Amino acid sequence: MSTARQLKLNLFVYPGGHHEAAWRHPDSAIDRVLDIEYYQDLARHAEAEKLDAVFFADGPSLADNIRYASRFRLEPFTWLSGIAAATSRIGLIGTASTTYLEPYNAARMFASLDHLSKGRAGWNIVTTGAPDAAYNFGLDGHPVHADRYDRAREFVDVVTKLWDSWEDEALVADEDSGLFADPGRIHRIDHVGRHFRVRGPLNTPRSPQGRPVYVQAGSSEDGRSFAARYAEAIFTAHQTIENAQEFYSDIKRRAAGIGRDPSQLLVLPGISPFIGSTEAEALALKEEFDELTQPAYSLDLLRRLLGVDLSGYDLDGPFPRELVALEGDRADSSRSQLVLDIVDREHPTIRQLLHRFAGARGHWVVAGTPEQVADEITDWFTTGAADGFNVMPPWLTGGFDAFAEHVLPLLRARGLFRSEYSGSTLREHYGLTRPPSGFADDTSIERNLA
Amino acid sequence: MTVIDRRKLHLNAFLMSTGHHEASWRLPESNVHANTDVRHFQRLAQIAERGKLDSIFFADSPVLFSDVGRRPAGSLEPTVLLTAIAAATERIGLIATASTTYNDPFNLARRFASVDHVSGGRAGWNVVTTAGPDAARNFGLEDQPAHRDRYERAAEFLEVAYKLWDSWDDDAAPADKASGVWGDNDKVRPIDHAGRHFTVRGPLNLPRSPQGRPLIVQAGSSEDGKDLAARYAEAVFTAQQTVEDAQEFYRDLKNRTVAVGRDPDTLKILPGIVPVIGATESEALRLERELDELIRPEYARAQLARTLRVRPEDLPLDQRLPADLPDEDEIEGAKSRYTLIVTLARREQLTVRELIGRLGGGRGHRTFTGTPEQVADALEGWFDAGAADGFNIMPAVLPSGLEAFVDHVVPILVQRGLFRSDYAGSTLREHYGLPRPVNRYGSATPEAVSA
């Protein structure tokens, strides 16, 4: 059994799959996307393959055009607890917004998920990039990037204090004396800050992991400094190994710079694999999906990212680079920059760019044989570009079935991925330490127990 | 012999860690970590489903009650708990409490719609306004908003939630692979709500749920609470100590429902009862006494003092309540429970110690102690007297008290034609005999309405 560094692999679930036209493909399970058993089956399969976690993206708004794609979202806390009940080992990572939740409610729901999954919860911390969301919460406009991150930092601090507000030893449960908990080990947090005033304590005892795993997914400048300070795993989008290496070394350096152990921060880029028995077969499969895309939808997505409306342009003409000048929030958006980088590097036609983006919204799409895909993964993993990956099947369930059946055995044969779980919590799968309560060292508190 | 066509009871199991009796956790049978153990609650739900009960229910408040020394404190967030229970059950309704004061309508409407999808149409929401300054201080406020303001916000919150739940037509997403049309933009619309408390554009980011909207439950019995219930609630949980009080409440609430133009039969009134069941009456009484002796009176007195807005030392254990307590009108917190406790103590001339014993079982809900036949008789008596459409069953000890009720009382009720022997439908609305709401915006399609 190899003791070498191991890949961390999540299954990143989009209802029908990550390719924007996945729902139209004959093999996609579009009729099951509101059925919890579909997601329970996917999670069970991922668990049988010993993946680290399943992950769901989220945002509290509906994009304004549902004609061409299934764009709804089940609410992640209720969804994940339904999956927790059907699984026993795999991690469960949900996305929750620091802009549109209250920290007390968020802390409690993640602590609850961690309890009922016996230590498998992770929180993908987002500030919510979609401007539409603001209008669902009484705001006149989208809060600016820097303000959202300022609130996010305070939000995470409050949530952390709430998770720590019950020390691990707080539960006494002495049936004879009738003492249930030791009030001296349950603490008000008395937080007073710029955005929040929260007294605490949390009304949920400290959860199995102490704190659910902190995940972050933005790669902007604000996002990077936030991640370096708080994140234990980073989900990121890179098109080339060079960009991924640059990001990897930058974020690990930032973490070390503020005194953190860089091994306690995992970099997990997205990968969306099309797998065929030959490279030509894999490329043909990708082409099959790209042909199902609908330009009106893809152009709308591009308009949101770049601020230019290209409807009416010749799709097979060159992309009009001169029209794009990123401003405001888009200038801060790592995803918008990623699109421009593709344009500058590859000079695609508009249609080529749309197809490029249709695969996984800017994540890395590979098409090849199982060996080729395993080679790419190995390459990124061993050259300082990744600690593992968010696996983003182009369609479900077949896109994941192919990865599990053909690529995972190769990675296992190379000693790069586990054959069995060695732990039971998400922290254990990821090799992260369990944090003590920040209140545990507080000796100034009078103990109620002699 | 079965009596056909008798009006049927609705029975809900109100679940709480090791049971409703505050000392239940100290019994040898009790799992002291039940409050965070999902399997405990899954088992309880399965027991209730075995008895074909309408639903299970969790109370909730976003605050840690401060007497953690005395009884199990800290709980799982109930909507999260419900979907984990949904995965372990098939038919029973799933009701969770959530606060309109400390949530945003978009988030909460979405969460309950998700529970409804995940459970296949079994979700219910007990709408509360959350009394008390302690919860307020977890959400940036110094004190709770005034009672009237909380209820006004609750009414607007419900209006927003109803609009969001209707923001998708039932047939909005044909998902036609061949034509590439997933959804119909004309059948999903913004709600553009602009009110005193909320401005919400919508639409919801989730298709309309199996029940159209989750079942709406309400549990406050103050004047404001009854008005809210008359307008919105489809089931009401209430604490009533005597059949006369319960009849009065029942008549009052049904009349208010009629006054706002609703069919009174679309609102089911379920008083809470704590059944303490023994094979013989003396065995039941022995169990009740055993529990009461495990109460730690100094903690119970502190809690009573908080409810009554007095100092604990103003409540000597062996004397009656002080004569100069405030009027209900002066209370900004849980108004109706305050009145119930004071009335109970005065009517029965209870000492503080006796009052604590009475409240320890069900915090003001009525306790029925006896054999299965005696408990069934009591339920039938209230039901036939026009005091209830059913009951909120609050076992003193869990799981044993729920098992005793399901295995020994329910069969008697079934035999008397008072309760179903099997589920007739699959959604919570069907169990309660309530129609699936028509979409306020949409063109109702017959198959969707009858689904």
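Residues numbered from 1 in each chain as written. Chains lettered and ligands numbered in written order. Predicted model: local features only at pLDDT ≥ 70, side-chain atom pairs only at ≥ 80, totals over all residues. Heavy atoms only, no water.

Draft legend 1. Inspection of the overall build of chain A at higher detail. Counting secondary structure elements, chain A contains 14 helices and 13 strands. For 450 residues, the compact-globule estimate of 2.2 N^0.38 gives 22 Å, and the C-alpha radius of gyration of chain A, at 22 Å, lies within 12% of that figure. Across its three principal axes, chain A shows a C-alpha extent of roughly 80 × 55 × 45 Å. With 450 residues in all, chain A has 64% of them scored as buried. Looking at chain A alone, contacts between residues at least 24 apart form 79% of all its contacts between residues at least 6 apart. On chain A, roughly 16,000 Å² of surface is accessible, and the fraction owed to carbon and sulfur atoms is 48%. Where the 46 positive side-chain charges of chain A centre and where its 65 negative ones centre are 3 Å apart. (Helix = DSSP H or I, 4+ residues; strand = E, 2+ residues; numbered from the N terminus. Rg over C-alpha atoms; globule rule 2.2 N^0.38 Å. Buried < 20%, exposed > 50% of the residue type's maximum accessible area, 1.4 Å probe, protein only. Contact = heavy atoms within 4.5 Å. Areas by Shrake-Rupley, 256 points an atom, 1.4 Å probe, with all protein chains shown as cover. Lys, Arg positive; Asp, Glu negative; His and termini not counted. Charge placed at Lys NZ, Arg CZ, Asp CG, Glu CD.)

Draft legend 2. Quick look at the confidence of the model for chain A. Chain-level statistics for chain A give a pLDDT mean of 92 and a share of 97% at 70 or above. Contacts from residues 443-450 of chain A, a stretch scored under 50 in pLDDT, to residues over four places away or in other chains number 13 contacts. (pLDDT = per-residue confidence, 0-100.)

Draft legend 3. Region of the structure containing helix 10 (residues 335-347) of chain B. Residue and element names in this part refer to chain B. Spanning 13 residues, helix 10 covers 18 Å between terminal C-alpha atoms, matching the ideal 18 Å at 1.5 Å per step. Those residues of helix 10 that fall on the buried side of the exposure criterion are Lys 335, Tyr 338, Leu 340, Ile 341, Val 342, Leu 344 and Ala 345. Looking at the residues trailing helix 10, positive phi occurs at Gln 349, about 50°. (Expected span 1.5 Å × (residues − 1).)

Draft legend 4. Seen up close, the interface of chain B and chain A. With 77 residues of chain B at the interface, the matching set in chain A holds 72 residues. With both sides pooled, the region where chain B packs onto chain A buries about 6,000 Å², and carbon together with sulfur makes up 58% of that total. On the surface where chain B and chain A come into contact, there are five salt bridges. Put simply, Glu 142 of chain B and Arg 197 of chain A hold a salt bridge, and the shortest N to O gap is 2.6 Å. No other element matches the eight residues that helix 3 (residues 105-118) of chain B contributes to the side of chain B that touches chain A. Tallied by class, residues from the side of chain B that touches chain A come to 35 nonpolar, 24 polar and 18 charged. (Buried area = accessible area lost by both parts, 1.4 Å probe. Salt bridge = Lys/Arg side-chain N within 4 Å of Asp/Glu carboxyl O. Nonpolar A, V, L, I, M, F, W, Y, C, P; charged D, E, K, R; others polar.)

Draft legend 5. Highlighting helix 6 (residues 223-232) of chain B. All names here are of chain B. The buried fraction of helix 6 amounts to seven of the ten residues, a majority that puts the element mostly inside the structure. Residues of helix 6 that are buried include every one of Asp 224, Gly 225, Lys 226, Leu 228, Ala 229, Ala 230 and Tyr 232, and no others. Close packing links the buried residues of helix 6 with helix 5 (147-165), strand 7 (215-218), strand 8 (235-238) and helix 7 (243-259).

Draft legend 6. Local environment of a negative patch on the surface. Residue and element names in this part refer to chain B. A cluster of acidic side chains, namely Glu 29, Glu 290, Glu 293 and Glu 403, defines a negative patch on the protein surface. Note on placement: Glu 29 falls in the loop between strand 1 (10-14) and helix 1 (38-50). Classification of Glu 29 as partly exposed rests on a relative accessible area of 45%. (Patch = residues over 30% accessible without salt bridge, like charges linked within 9 Å, V, L, I, M, F, W, Y side chains within 5 Å.)

Draft legend 7. Layout of the packing of helix 4 (residues 145-164) of chain A against helix 5 (residues 221-230) of chain A. Residue and element names in this part refer to chain A. The interhelical angle for the contact between helix 4 and helix 5, taken along N-to-C directions, is 10°, at an axis separation of 10 Å. Taken together, the axis directions place helix 4 and helix 5 in an arrangement best described as roughly parallel. Facing His 145, Ala 146, Tyr 149, Ala 152, Arg 153, Val 156 and Asp 157 of helix 4, the residues of helix 5 in contact are Asp 222, Gly 223, Phe 226, Arg 229 and Tyr 230. Taken together, the residues of the contact of helix 4 with helix 5 break down into six nonpolar, two polar and four charged. (Axes fitted to C-alpha atoms, helices over the stretch in contact; angles between N-to-C directions. Parallel < 35°, antiparallel > 145°, perpendicular 65-115°, else oblique.)

Draft legend 8. Representation of unusual backbone geometry within the structure. A cis amide bond, omega -5°, links Gly 202 of chain B with the succeeding residue Pro 203 of chain B. Inspection of the secondary structure puts Pro 203 of chain B in the loop between strand 6 (199-200) and strand 7. Along the chain, Leu 398 of chain B connects to Pro 399 of chain B via a cis peptide bond; the corresponding omega equals 5°. Here Pro 399 of chain B lies in the loop between strand 11 (390-393) and helix 13 (400-415). Phi angles above zero are rare outside glycine, and Asp 190 of chain A is one such case at about 45°. Structurally, the position occupied by Asp 190 of chain A is in the loop between strand 6 (179-181) and strand 7 (191-192).

Draft legend 9. Quick peek at the environment of Thr 199 of chain B. You can see Thr 199 of chain B is positioned in strand 6. Sequence-wise, Thr 199 of chain B and Tyr 102 of chain B are 97 residues apart; in three dimensions their C-alpha atoms are separated by 16 Å. Every residue in contact with Thr 199 of chain B, bar those within four places of it in the chain, is listed here: Tyr 135, Asn 136, Phe 137 and Gly 138 of chain A together with His 193 and Ala 194 of chain B.

Draft legend 10. Here's a closer look at the packing of aromatic side chains. Residue and element names in this part refer to chain A. Here the structure, examined in full by the defined rule, presents 38 aromatic pairs over all chains. Taking 4.9 Å as the distance between ring centres and 40° as the angle between the ring planes, the aromatic pair formed by Phe 226 and Tyr 230 counts as tilted. Here the residue Phe 226 and the residue Tyr 230 both occupy positions in helix 5, the gap between them amounting to four residues, near one helical turn. By relative accessible area, Tyr 230 is classed as buried at 10%. Just above the ring of Phe 381 sits the side chain of Arg 5; from NZ or CZ to the centre is 3.9 Å. Note that Arg 361 overlies the ring of Tyr 14, its terminal NZ or CZ placed 3.8 Å from the centroid. (Phe/Tyr/Trp six-rings, centres within 6.5 Å; stacked < 30°, edge-to-face > 60°. Lys NZ or Arg CZ within 6 Å of the ring centre and 35° of its normal.)

Draft legend 11. Looking closely at the packing of helix 12 (residues 370-382) of chain A against helix 13 (residues 398-413) of chain A. Residues and elements named next belong to chain A. Interhelical geometry of helix 12 versus helix 13 gives an angle of 50° and a closest axis separation of 9 Å. Here helix 12 lies oblique to helix 13, going by the angle between them. Helix 13 is crossed by helix 12, and the crossing has right-handed handedness. Contacts between helix 12 and helix 13 involve Pro 370, Glu 371, Val 373, Ala 374, Ile 377 and Thr 378 on the former and, on the latter, Phe 403, His 406, Val 407, Leu 410 and Leu 411. In terms of residue class, the contact of helix 12 with helix 13 is built from eight nonpolar, two polar and one charged. (Left-handed = near helix turned anticlockwise from the far one by under 90°.)

Draft legend 12. Inspection of the pairing of strand 11 (residues 266-275) of chain A at higher detail. Residue and element names in this part refer to chain A. With ten of ten residues buried, strand 11 is to be regarded as a mostly interior element. Pairing between strand 10 (residues 233-236) and strand 11: four bridges, direction parallel. When the bridges of strand 11 are listed, Ile 234 appears paired with Val 267. Note on the crossover from strand 10 through helix 6 (residues 241-257) to strand 11: the handedness is right-handed. (Pairing = 2+ DSSP bridges. Right-handed = clockwise from strand over helix to strand, strands pointing away.)

Draft legend 13. Here's a closer look at the environment of Pro 76 of chain A. Residue and element names in this part refer to chain A. Among the secondary structure elements, Pro 76 is positioned in helix 2 (residues 76-84). Overall, the relative accessible area of 4% leaves Pro 76 in the buried class. Taking the C-alpha atoms as reference, Pro 76 lies 37 Å from Thr 349; in sequence the two are 273 residues apart.

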